[in-house]
Amino acid sequence: MHCNTVKTDKFTNEPLILGLVFLKSYLQHIISISLLLFLTGCFELQEKLEITESGKGDYSFTFDFSQSQDLFNIISTYKDKKNRRVFEPKKFEKPLHLLSKELNSLPGVYNCKTLLDSTRWRLGIRFAFVDINALNSALSKINLSKEEDVFIKLKRKKADWIQNINWMNIITSNLPSSEKSKSVMLEQIDSASYVYHWNLNRAIKTVKSYEIERMGSSELVFKGKIPSIDKAEYITQWNVKFK
């Protein structure tokens, strides 16, 4: 992959609205301190969903900057005039923890854990859910939706992936003020790889989709670029019928 581098239920009551405000702050903080990563290195956004026939399962998202780990290892040694590191992985610890805590507070969402691999420069969130409603609530929170959205519908013989998290909207909500840096960051985002892996744990009979590939008898995968803001809702849509 080519990389550019540079030197340099609805959210209607007050508690839920406040929770959305805090969550947006956590996500923006994570993205904000990731600006250096987005500006200087290649990355891949990875999502994974594993779901059983009963509707419970696990979900995770990961920003993987391991392709540029040598560069980031050098950058992380830089210090300012007060001998403080200009950039280091532990700056992600608090916002990731707060985001994890917020998701863990949702009904039906549990065991939410953070990923912060300072060796391979990977960061993300993983959680388990008890049913489809809990998953849709959690994804709505991450998506910064004003109302609870439906991402997946699951029936006995059928499953529909309705829409996806609008990652492009989230990432570009904190663009740097410099026009040059902004341009470089957008180029990096446009060139980034994006992989979504769904494991449905049931034999698939037929699948209708845009750019989704089948993996074995019960899995689907999307491999491409992060969908643009106007295509985020439908570029990863699929409709599955089970045997």
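Chemist: Would you take a moment to explain the overall build of the protein chain for this structure?
Modeler: Counting its regular elements, the protein chain contains 7 helices and 11 strands. In the protein chain, which comprises 243 residues, the proportion classed as buried is 47%.

Chemist: What is the right way to look at the pairing of strand S6 (residues 158-161) in this model?
Modeler: The side chains of a regular strand alternate, first on one face of the sheet and then on the other. The pairing of strand S5 (residues 152-154) with S6 spans 3 bridges and is classified as antiparallel. Note that in S6 the partner of Lys-153 across the bridge is Asp-160. From the end of S5 to the start of S6, which pair antiparallel, there are 3 residues. Sheet topology note: the S6/strand S11 (residues 238-242) ladder contains 4 bridges and is antiparallel. From the neighbouring strand, Trp-161 faces S11, where its bridge partner is Trp-238.

Chemist: Can you help me understand the packing of aromatic side chains in this one?
Modeler: Two descriptors summarise a pair of aromatic rings, namely the distance from one centre to the other and the angle between the planes of the rings. Considering all chains together, one arrives at 13 aromatic pairs under this definition. With centroids separated by 5.5 Å and ring planes inclined at 70°, the aromatic side chains of Trp-161 and Tyr-196 adopt a geometry described as edge-to-face. Residue Trp-161 is found in strand S6, and its partner Tyr-196 is found in strand S7 (residues 193-199); the two are separated by 35 residues along the sequence. A relative accessible area of 1% means that Trp-161 is categorised as buried. Each member of the aromatic cluster is reached from another via a ring pair, and the members are Phe-43, Phe-61, Phe-63, Phe-65 and Trp-167. A cation over a ring is seen here: Arg-202 above Phe-242, with NZ or CZ 3.8 Å from the ring centre.

Chemist: Even after reading the chapter, I still don't get the sheet that holds strand S1 (residues 44-51), so can you show me in this structure?
Modeler: Strands pair in a sheet through their backbones, by hydrogen bonds, and they do so in one of two ways: parallel or antiparallel. One open sheet accounts for 7 strands, arranged S3-S4-S2-S1-S7-S10-S9; its pairing is mixed. Edge positions in the sheet fall to strand S3 (109-117) and strand S9 (212-215), since each of these pairs with one other strand and no more. Taken pair by pair, the neighbouring strands of this sheet meet at an average axis angle of 15°, ignoring direction. For S1 and strand S2 (residues 57-64), the ladder comprises 8 bridges, and the chain directions are antiparallel.

Chemist: Hey, could you run me through the environment of Gly-55 in this one?
Modeler: Along the chain, Gly-55 falls in the loop between S1 and S2. Overall, the relative accessible area of 1% leaves Gly-55 in the buried class. Residue contacts for Gly-55: discarding those within four places in its chain leaves Phe-129, Val-130, Asp-131, Ile-132 and Leu-154.

Chemist: Looking at this structure, I do not really get helix H5 (residues 132-142). What am I missing?
Modeler: One turn of the α-helix equals 3.6 residues, which is why residues spaced by three or four share an orientation. Burial analysis of H5 places 10 of its 11 residues in the buried class, which makes it a mostly covered element. Of the residues making up H5, those classed as buried are Ile-132, Ala-134, Leu-135, Asn-136, Ser-137, Ala-138, Leu-139, Ser-140, Lys-141 and Ile-142. With a side-chain oxygen lying 3.3 Å from the backbone nitrogen of Asn-133, the N-terminal cap of H5 falls on Asp-131. Just downstream of H5 lies Leu-144, where phi reads positive at about 60°.

Chemist: I'm lost on the pattern of salt bridges in this one. Help?
Modeler: Two side chains of opposite charge can pair, provided their charged atoms sit close to one another. For the structure shown, the criterion picks out 5 salt bridges. Between Glu-53 and Arg-202 there is a salt bridge whose closest N-O contact spans 3.9 Å. Of this pair, Glu-53 sits in the loop between S1 and S2 while Arg-202 sits in the loop between S7 and strand S8 (204-209), and the two are 149 residues apart along the sequence. Asp-160 serves as the salt-bridge partner of Lys-158, at 4.0 Å between the closest nitrogen and oxygen. Judged by relative accessible area, Lys-158 falls into the partly exposed class, the value being 32%. The class of Asp-160 is buried, set by a relative accessible area of 16%.

Chemist: Whenever I open this one, the side chain of Asp-64 confuses me. Can you help?
Modeler: Looking at the secondary structure, you find Asp-64 in strand S2. In this structure the side chain of Asp-64 is engaged in a polar contact, spanning 2.6 Å, whose partner is the side chain of Ser-66. Looking at Asp-64, its side chain comes within polar contact range of the side chain of Arg-122, at 3.5 Å. Aside from chain neighbours lying at most four places away, what touches Asp-64 is Cys-42, Phe-43, Glu-44, Gln-46, Arg-120, Trp-121 and Arg-122.

Chemist: Is there a simple way to explain the nonpolar core in this structure?
Modeler: Soluble, globular proteins show a tendency: their nonpolar side chains are buried together. Residues Tyr-59, Phe-127, Trp-167, Trp-198, Ile-226 and Trp-238 are the most contacted members of the largest nonpolar core, which totals 50 residues. When residues of this core are assigned to their parent elements, the largest contribution, 6 residues, is made by H5. When sequence neighbours within four positions are dropped, the list of residues in contact with Phe-127 reads Gly-57, Asp-58, Tyr-59, Leu-103, Val-109, Tyr-110, Asn-111, Cys-112, Leu-135, Ala-138 and Ile-142.

Parameters at a glance
Residues numbered from 1 in each chain as written. Predicted model: local features only at pLDDT ≥ 70, side-chain atom pairs only at ≥ 80, totals over all residues. Heavy atoms only, no water. Helix = DSSP H or I, 4+ residues; strand = E, 2+ residues; numbered from the N terminus. Buried < 20%, exposed > 50% of the residue type's maximum accessible area, 1.4 Å probe, protein only. Pairing = 2+ DSSP bridges. Phe/Tyr/Trp six-rings, centres within 6.5 Å; stacked < 30°, edge-to-face > 60°. Lys NZ or Arg CZ within 6 Å of the ring centre and 35° of its normal. Axes fitted to C-alpha atoms, helices over the stretch in contact; angles between N-to-C directions. Contact = heavy atoms within 4.5 Å. Polar contact = N/O pair within 3.5 Å; in protein donor to acceptor, adjacent residues only side chain to side chain. Salt bridge = Lys/Arg side-chain N within 4 Å of Asp/Glu carboxyl O. Core = buried A, V, L, I, M, F, W, Y, C linked by side-chain atoms within 4.5 Å.

Function cannot be inferred from these measures alone, as they are strictly geometric.
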